[in-house]
Amino acid sequence: MMQTILDGLLTGLVIFILLVGLPAVVIGGFRYRLQQKNKAFFARYTAFLQAHEGVTFFCYTSRKKLSSFIEQHVLPTLPSDVQVIKLQGKRPQTALDIECISYALYQLKQRGFPNVMKVVDGKMVDQSLHNDIYNAINQNRLNSVQDIVNKSLLSI
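Just so it is clear, the model here is predicted, and its values are computed rather than measured.

**Notes on the pattern of salt bridges**
Right, on to step 1. Applying the stated rule across the entire model yields three salt bridges.
Right, on to step 2. Taking the shortest distance from any N to any O, the salt bridge between glutamate 99 and arginine 44 comes out at 2.7 Å. Here arginine 44 lies in helix H1 (residues 2–51) and glutamate 99 lies in helix H3 (residues 98–106), a separation of 55 residues in the sequence.
Right, on to step 3. Between glutamate 71 and lysine 86 there is a salt bridge whose closest N-O contact spans 2.8 Å.

**A closer look at the sheet that holds strand S2 (residues 83–88)**
Right, on to step 1. Judged by pairing direction, the sheet is mixed, and its five strands sit side by side in the order S3-S2-S1-S4-S5 without closing on themselves. For this open sheet the edge positions go to strand S3 (91–93) and strand S5 (123–128), each flanked by a neighbour on one side alone. With strand direction ignored, the average angle separating the axes of adjacent strands in the sheet is 30 degrees.
Right, on to step 2. Here strand S1 (residues 56–61) pairs with strand S4 (residues 115–120) via four bridges, running antiparallel.

Conventions we followed
- Residues numbered from 1 in each chain as written.
- Predicted model: local features only at pLDDT ≥ 70, side-chain atom pairs only at ≥ 80, totals over all residues.
- Heavy atoms only, no water.
- Salt bridge = Lys/Arg side-chain N within 4 Å of Asp/Glu carboxyl O.
- Helix = DSSP H or I, 4+ residues; strand = E, 2+ residues; numbered from the N terminus.
- Pairing = 2+ DSSP bridges.
- Axes fitted to C-alpha atoms, helices over the stretch in contact; angles between N-to-C directions.

What follows is the structure in structure tokens.
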């Protein structure tokens, strides 16, 4: 009788370990792996920011109305050291590290495109030009768009 109870307890303990313990170990392993992957990404992102200290980025979207205007009137006049990023949907088109640029875009303080960004003291700072440029285009003040971009490049 006592042996039957002990066998039942032992069987219950084994089932408990398999149902609770094993998933906890597996989940813990996935969690550890994710933490290591995040740690590696942030090390890479920090290195990206350090390598691009002082670099200015100009980012715009592929929206038809704005895209063609930007490509015809703004991009040709940008200083050669400005890195241009075009968003095709949510995917940045650039020769730079896509994951790092995507993360920087996700972290924007001022949402809206076009956007000017710059790495300052190891951090990405940004300024949205969305309202100013759209207002200028809608009010047919096309000549002022370049001034808006230039002022933003100097102030960021």
